[in-house]
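# Geometric and topological summary
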Amino acid sequence: MILVADSGSTKVHWCLVTASGQCSDVFTDGINPLFQTCDAMRNSICNQLLPQISSLLWAGTLTHVFFYGAGCTPEKKVFVQRALEGVFKKAEVHVESDMLGAARGLLNRHAGVACILGTGSGSCFYNGETIEWCVPSLGYILGDEGSAAVLGKRLVGDLMKNQLGDDLKEAFFKEYETSMADIIEKVYRQPFPNRFLAKLSKFCADHIEDERIHALVYDHFVQFIRRNLVQYKTEQPIGFVGSIAYFYRPVLEEAMKAEGLPLGTILKDPIDGLKEFHKDAIIPTT
């Protein structure tokens, strides 16, 4: 039995796969070593994951954990590994970046360009096994073009600076029952401002038929393309994973076509592809 996980900054999609091929999907809050200590991550696993899967572990021995996560850089992934090994003491634990998870989920063992457009964003050239090179994402303050956090940041900034009209501004504050002071407090003084901003970006999806919001989202994707994708100089279709790519697909298609880049597969998350990639690790019961 193996446990496969795809973690963004907002949530983790865990999938327990038995030797018979039965899959059980559960979700917890996001795990990110850039924002959490090893103890905090271990507590999240114990308090949120274990209660959901404990009744399923009777099906066999958990032999491997494959965790792909945001913030899992070579320097930081060791802390996630320690947290997982502290909980699953008998399993072989592997921790890699969410970018490698996206590439393997989209492309399996074929070479190509893979992208993430979720709470955060990223892109890479994948050689069929590992990431060969990537344009750095730099996080939601310096980069992360195309992400929900940056879309939320730009939306809120434009609304509060009166760039989108009084009607949209009034609708936003009414729908979210918030204020400028509340937003400033949560962005600058409370933890996980990227998650908060990402949640606010949903306003764009609810009002995408408004030409002002459509133009904002379209330019959001153009910035991701021009600042990231054009550097790969590929003629192959470019694949995407993540809620932003999935739910704003028509606008993403417009932007990719206008910028002359071929659009490949779009997945909400890479978990099904990752299960296929790691199926050889499942040890049959005897």
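The following paragraphs examine the structure supplied in this document.

Reading guide: rules and limits
Residues numbered from 1 in each chain as written. Predicted model: local features only at pLDDT ≥ 70, side-chain atom pairs only at ≥ 80, totals over all residues. Heavy atoms only, no water. Core = buried A, V, L, I, M, F, W, Y, C linked by side-chain atoms within 4.5 Å. Buried < 20%, exposed > 50% of the residue type's maximum accessible area, 1.4 Å probe, protein only. Helix = DSSP H or I, 4+ residues; strand = E, 2+ residues; numbered from the N terminus. Contact = heavy atoms within 4.5 Å. 1 Å grid on protein atoms, 1.4 Å probe; cavity = no way out; pocket = protein on both sides within 12 Å on 5 of 7 lines; lining within 4 Å. Points joined across faces, edges and corners; volume = space filled by probe spheres on them. Nonpolar A, V, L, I, M, F, W, Y, C, P; charged D, E, K, R; others polar. Phe/Tyr/Trp six-rings, centres within 6.5 Å; stacked < 30°, edge-to-face > 60°. Lys NZ or Arg CZ within 6 Å of the ring centre and 35° of its normal. Patch = residues over 30% accessible without salt bridge, like charges linked within 9 Å, V, L, I, M, F, W, Y side chains within 5 Å. Areas by Shrake-Rupley, 256 points an atom, 1.4 Å probe, with all protein chains shown as cover. Salt bridge = Lys/Arg side-chain N within 4 Å of Asp/Glu carboxyl O. Pairing = 2+ DSSP bridges. Axes fitted to C-alpha atoms, helices over the stretch in contact; angles between N-to-C directions.

### A look at the nonpolar core
One finds Phe 172, Ile 213, Val 217, Phe 221, Leu 229 and Phe 240 to be the most contacted residues of the largest nonpolar core, which totals 46 residues. No other element matches helix H5 (residues 148-160), which puts 8 residues into this core. With sequence-adjacent residues up to four places away left out, Ile 213 is seen in contact with Leu 155, Leu 164, Leu 168, Phe 203, Cys 204, His 207 and Ile 208.

### Considering unusual backbone geometry
The backbone of Asn 162 shows a phi angle near 60 degrees, a positive value even though the residue is not glycine. Secondary-structure assignment places Asn 162 in the loop between H5 and helix H6 (166-176).

### Comments concerning the layout of surface pockets
Volume-wise, the second largest pocket comes out at about 240 Å³. Tyr 140, Ile 141, Lys 153, Val 156, Gly 157, Met 160, Lys 161, Ile 183, Ile 184, Val 187, Tyr 188 and Leu 197 are the residues that line the second largest pocket. Those elements that provide at least two residues to the lining of the second largest pocket are helix H4 (139-142), H5 and helix H7 (180-188). For the lining of the second largest pocket, the class distribution of residues is 9 nonpolar, 1 polar and 2 charged.

### Observations concerning the packing of aromatic side chains
This structure, assessed with the given rule, holds 10 aromatic pairs. The interplanar angle of 35 degrees and the centroid separation of 5.0 Å between the aromatic rings of Phe 172 and Tyr 176 together place this pair among those described as tilted. Note that Phe 172 and Tyr 176 are positioned in helix H6 at a spacing of 4 residues, about one turn of the helix. Judged by relative accessible area, Tyr 176 falls into the partly exposed class, the value being 26%. Look at Phe 224 and Phe 240: their rings are 6.3 Å apart centre to centre, the planes differ by 55 degrees, and that puts the pair in the tilted class. In this pair, Phe 224 is assigned in helix H10 (residues 211-227) and Phe 240 in strand E9 (residues 238-241), connecting sequence segments 16 residues apart. Residues Phe 224 and Phe 240 agree in their burial class; the two are buried. Among the aromatic residues, those joined into a cluster by ring pairs are Phe 172, Phe 173, Tyr 176 and Phe 203. Here the basic side chain of Arg 109 rests over the ring of Phe 277, its NZ or CZ set 3.9 Å away from the ring centre.

### Digging into a nonpolar patch on the surface
A cluster of nonpolar side chains, Leu 138, Ile 141 and Leu 142, forms an exposed patch at the surface whose accessible area comes to about 360 Å². Within the secondary structure, Leu 138 is located in the loop between strand E8 (131-133) and H4. Leu 138 sits in the exposed class, given a relative accessible area of 53%.

### Structural notes on the pattern of salt bridges
For the coordinates displayed, the defined rule picks out 16 salt bridges. For Glu 129, the salt bridge identified is with Arg 104, shortest N-O distance 3.7 Å. Of the two residues, Glu 129 is situated in the loop between strand E7 (121-126) and E8 and Arg 104 in helix H3 (residues 98-107); the sequence distance between them amounts to 25 residues. We classify Glu 129 as partly exposed; its relative accessible area is 36%.

### Considerations on the sheet that holds strand E2 (residues 11-17)
Adjacent strands of a sheet pair through backbone hydrogen bonds, lying either parallel or antiparallel. Here 5 strands make up an open sheet; going across it, the order is E3-E2-E1-E4-E5 and the pairing mixed. With one partner strand each, in any of the chains shown, strand E3 (23-29) and strand E5 (92-97) form the two edges of the open sheet. Adjacent strand axes in the sheet meet at a mean angle of 15 degrees when their direction is disregarded. Where strand E1 (residues 2-7) and E2 come together, 6 bridges link them in antiparallel fashion. Bridged to Ile 2 within E2 is Val 17. Set on the sheet, helix H1 (residues 38-53) makes contact with E1, E2 and E3; between it and E3 the angle comes to about 150 degrees. Here H3 sits on the sheet in contact with E1, strand E4 (64-69) and E5, set at roughly 95 degrees to E5.

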